[in-house]
Each structure stands twice: as structure tokens, then as C-alpha cells.
Amino acid sequence: MPSPYLLLLCLLGGCAKNTNVPSPAPPSPASPSPAHGADHGDGFEGDRSTQHWFKDPATYAEHWNDPARDDYQKPDEILAAMQIAPGATVMDLGAGTGYLVPRLSAAVGESGTVIAQDISPEMIEYLSLTKEKAGWTNVTVSQGAPDDPGLDAGSVDRIVTLNVWHHINDRPAFGRALYASLRPAGMVVIVDFLDEETEGFGPPMEMRLPAEQVVAELNEAGFQATIIEETMPRHYVVRGMKMPRP
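Calculation criteria
Residues numbered from 1 in each chain as written. Predicted model: local features only at pLDDT ≥ 70, side-chain atom pairs only at ≥ 80, totals over all residues. Heavy atoms only, no water. Salt bridge = Lys/Arg side-chain N within 4 Å of Asp/Glu carboxyl O. Helix = DSSP H or I, 4+ residues; strand = E, 2+ residues; numbered from the N terminus. Phe/Tyr/Trp six-rings, centres within 6.5 Å; stacked < 30°, edge-to-face > 60°. Buried < 20%, exposed > 50% of the residue type's maximum accessible area, 1.4 Å probe, protein only.

Novice: How should I be thinking about the pattern of salt bridges in this particular structure?
Specialist: Where charged atoms of side chains with opposite charge meet at close range, the side chains can pair. A complete count under the given rule lists 3 salt bridges for this structure. Salt-bridge contacts for Arg-103 lead to Asp-70; the nearest nitrogen and oxygen are separated by 2.9 Å. Here Arg-103 is found in helix α4 (residues 101-108), whereas its partner Asp-70 is found in helix α2 (residues 70-73), with 33 residues between them in sequence. Ionic pairing is found between Arg-183 and Asp-157, a salt bridge with its closest N-O pair at 2.8 Å.

Novice: Help me out: how do you make sense of the packing of aromatic side chains in this one?
Specialist: Centre distance and the angle of the planes are the two values used to describe a pair of aromatic rings. The tally for this structure, following the rule as stated, stands at 2 aromatic pairs. With 6.3 Å between their ring centres and 75° between their planes, Trp-165 and Phe-174 make a pair best called edge-to-face. Judged by its relative accessible area of 0%, Trp-165 falls in the buried class. Overall, the relative accessible area of 2% leaves Phe-174 in the buried class. An angle of 75° between the planes, with centres 5.0 Å apart, marks the rings of Tyr-179 and Phe-223 as edge-to-face. A residue pair is termed long-range when its members are at least 10 positions apart, and Tyr-179 in helix α6 (residues 171-181) and Phe-223 in strand β6 (residues 223-228) qualify at 44 residues. The pair Tyr-179 / Phe-223 is uniform in exposure class, with both members buried.

So, in C-alpha cells, the structure goes:
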């Protein structure tokens, strides 16, 4: 659930799509590889249906949370698309090692809440330790399920998923669950990889989703979805607004 997340590497070659550009080396040659080869730059690893994850998040956090990632991930643009007001309740769905969490924490302020959710127990443990060390008093760490965001109806204002959406199996159903969890005028912001070759790393082409497909899936779930203008070289942003049902 999320980095994303967001990450600076595609591990073990299976996700490096441009053969003319070398994939960044993994932090450890002995690091395990989840389904589909590796985390390809996000806060969620593998396939949500099979619940694969990295067993040692700290090994990868140095790369995933590297400030140099901002050059292509454009976190300020993501937050601008989210239109977060102080005091809001925001979920980072697939938070991974917490790349977006400190920015979300600052955006909601002391009176707001950030729910950093992931499905990996190892990620949850890592996020919990990071929260304690960083002193994120407005952050709640939550373990989710592959097919359920685990949110009460009308409980959150904003949801962001970073490089996670293409991992979800029944996306329209999952979208409906997100729709139900949002308060009136709430929104979900989905950041994912372009459905074309991207330099350096990314998921296999067969896993990539056109932005137009994401728009259609969110519309099917009840949202009013649009593609947001941005300057990311590898990603697109789709925003779904919760509109009153007729």
C-alpha cells in the first residue's frame, strides 16, 4: 500500500526497460527479488494479490528516500494536485519506506492526520520505527490488505497512491472502496508509470496502464477523473474527485 512511492532503482534487471541505460545496482547483491523482478520505483513491491515484499526495507530506504529522487518524482507537483488543507486526513496508500510521508505530515499540520499504509509487515515495522525517530506525531501507521484499503466510510479527505495502482487486481472495485472512504469533495490522486519505455527503470510494459485507462477505472468507481498536467519524465498523475451521486 504508499513509494511511490518513487524509488531510484529497479532491482535485478527484470524491470529495466531501456537496454541502453544501465539499471542502478541493488543495495545488496543478495537481496531477494519479489514477483515481477523487483520494486520498480514505488512504495509497494511485487503484486498485491500475492503479497510479495522486500524483507529488509532499511537496505533499500537509502535509495528509495534519496532526495535526488525529487528530480524526477516531483513531490511538490504531487502535493499540489492533492490540494491538501491543514487539518485534513490523508492516506498514503502503499507508503513503503515513507518517501511522501514527511511532506504529507507537514501539509496537514498538527491538527491533521496522515495514514501511512502498506501491506508488508516489514514495511509497517520500518515505518513505525521511522515515525518514532522522526517524531511524526500526526502520522498513523496502518497495515492494509491487497484487496481492501481498510478505511471507514467517509473517514478521509485525500488518498494518494504512488506507483501502486498497476499492482491492484480489481481496480474498479478497489476504486469503489476508496470512493466510499472519502468525505464529500474528497479526492484520490494516482501517480503511476507512463505506458511507454522510460529511462532507467520501471515495471514491465505488460504491467503498465495508460493514464486514460486509470481515468476510466476511476470514473467507473464513481469519481470524476482527469489527467493532471505535470512535468514528470516517467509518470502521469490522475486525480479522481468524489462527486455527489445523482
